[in-house]
Amino acid sequence: MGIRAIVVDTAGTTTDLNFIQDTLFPYSSKALADFLEDNQTNVLVDNCISDVKDIALEPDASLERVVEILQQWIAEDRKATPLKTLQGLIWKQGYAQGEFKGHIYPDFIDSVKEIKAQNVRLYSFSSGSVDAQKLLFSHSDGGDLTEYFDGHFDTRTGNKLFKQAYLNIINTISLAPKQVLFISDVLEELKAAEQAGMRVMQMVRETTQRTGDYPQITNFKELSF
């Protein structure tokens, strides 16, 4: 059974982890206070603020306290949905103002056309929100890559370390598990995807990476169909 769809992880696979940790995260942390102050009446932002208070079990937290909690979560790389949503909105502002471009590995930029030429569907799955993924791929070093994607998944689909998330993706895209290839640098994610029946491949871009017993590639140009 041939591969009909490829699901790619972002950080460490299509995108340099350093770009996220050294550019995007600090930018969102620095911009948070002003952003919440300016946009607190926006329904989506207001809902996120409420969700943060709920998760932190601080129903009476002030806006300043909410900013503190969020900055703490950014430092811890917490995968909390309200944080990811707010970061997406803040990054949108940063991209629009030309503060930075989305870093995408050149080999991925070159390979997306080849993937589409093979009539293979392409999806991304990240703990960053769908909006953040679209921003990353639309403001990339290689221009707007969103036309090459058939869809994006985030933590609303499920936790990346659990089998259920990958079963949910399989159900959404309506393919047999073995027709779907998942590519990630993280062993625990590959294990969960494999448990769901997907084919898996580890992206090993760093010699210091933990590797497992999965097929490996060091860049997308090594991908053969």
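Residues numbered from 1 in each chain as written. Predicted model: local features only at pLDDT ≥ 70, side-chain atom pairs only at ≥ 80, totals over all residues. Heavy atoms only, no water.

## Focus on the nonpolar core
A general trend in soluble globular proteins is that nonpolar side chains are found buried together.
At step 1: Ile6, Leu36, Leu70, Trp91, Phe108 and Ile183 are the most contacted members of the largest nonpolar core, which has 51 residues in total.
At step 2: By residue number, the principal contributor to this core is helix α1 (residues 17-39), which donates 9 residues.
At step 3: Once residues within four sequence positions are removed from consideration, Leu70 is found in contact with Leu32, Leu36, Val52, Leu83 and Leu86.
At step 4: Ranked by size, the runner-up nonpolar core spans 21 residues in total, among them Ile170, Leu187, Leu190 and Ala196. (Core = buried A, V, L, I, M, F, W, Y, C linked by side-chain atoms within 4.5 Å. Buried < 20%, exposed > 50% of the residue type's maximum accessible area, 1.4 Å probe, protein only. Helix = DSSP H or I, 4+ residues; strand = E, 2+ residues; numbered from the N terminus. Contact = heavy atoms within 4.5 Å.)

## Comments concerning the pattern of salt bridges
At step 1: Per the stated rule, a full pass over the model turns up 12 salt bridges.
At step 2: Put simply, Asp9 and Lys160 hold a salt bridge, and the shortest N to O gap is 2.6 Å. Taken as a pair, Asp9 in the loop between β1 (5-8) and α1 and Lys160 in the loop between β3 (151-153) and α7 (163-173) lie far apart in primary sequence, 151 residues in all. Judged on exposure class, the residue Asp9 and its partner Lys160 are both buried.
At step 3: For the salt bridge of Arg78 with Glu76, the shortest nitrogen-to-oxygen distance reads 4.0 Å.
At step 4: For Arg78, a relative accessible area of 34% gives the class partly exposed. (Salt bridge = Lys/Arg side-chain N within 4 Å of Asp/Glu carboxyl O.)

## Thoughts on the packing of helix α2 (residues 43-56) against helix α4 (residues 81-96)
At step 1: Contact geometry of α2 with α4 gives a least axis separation of 9 Å together with a crossing angle of 145°. When the axes of α2 and α4 are compared, the crossing they make is left-handed. Taking contact as the criterion, the partners of Leu44, Val45, Cys48, Asp51, Val52 and Ile55 in α2 are, on α4, Pro82, Thr85, Leu86 and Leu89.
At step 2: Residues of the contact of α2 with α4, tallied by class, amount to 8 nonpolar, 1 polar and 1 charged. (Axes fitted to C-alpha atoms, helices over the stretch in contact; angles between N-to-C directions. Left-handed = near helix turned anticlockwise from the far one by under 90°. Nonpolar A, V, L, I, M, F, W, Y, C, P; charged D, E, K, R; others polar.)

## A look at the packing of aromatic side chains
At step 1: Within this structure, the stated rule accounts for 10 aromatic pairs.
At step 2: With a centroid separation of 5.1 Å and 80° between ring planes, the pair formed by Tyr27 and Phe100 is classed as edge-to-face. Highlighted residues: Tyr27 in helix α1 and Phe100 in the loop between α4 and α5 (106-117), separated in sequence by 73 residues. Each member of the pair, Tyr27 as well as Phe100, carries the same accessibility label: buried.
At step 3: The interplanar angle of 40° and the centroid separation of 5.7 Å between the aromatic rings of Tyr123 and Phe153 together place this pair among those described as tilted. (Phe/Tyr/Trp six-rings, centres within 6.5 Å; stacked < 30°, edge-to-face > 60°.)

## Digging into a negative patch on the surface
At step 1: Taken together, the side chains of Asp34, Glu37, Asp38 and Glu64 define an acidic patch exposed on the protein surface.
At step 2: Within the secondary structure, Asp38 sits in helix α1. (Patch = residues over 30% accessible without salt bridge, like charges linked within 9 Å, V, L, I, M, F, W, Y side chains within 5 Å. Areas by Shrake-Rupley, 256 points an atom, 1.4 Å probe, with all protein chains shown as cover. Lys, Arg positive; Asp, Glu negative; His and termini not counted. Charge placed at Lys NZ, Arg CZ, Asp CG, Glu CD.)

## Description of the sheet that holds strand β4 (residues 180-184)
At step 1: Spatial strand order, β3-β2-β1-β4-β5-β6: 6 strands in an open sheet with parallel pairing. Every other strand in the sheet has two partners, leaving β3 and β6 (216-217) as the edge strands with one partner each.
At step 2: Each of β1, β2 (121-125), β3 and β4 is contacted by α7, which is oriented at about 145° to β2, the strand it contacts most. (Pairing = 2+ DSSP bridges.)

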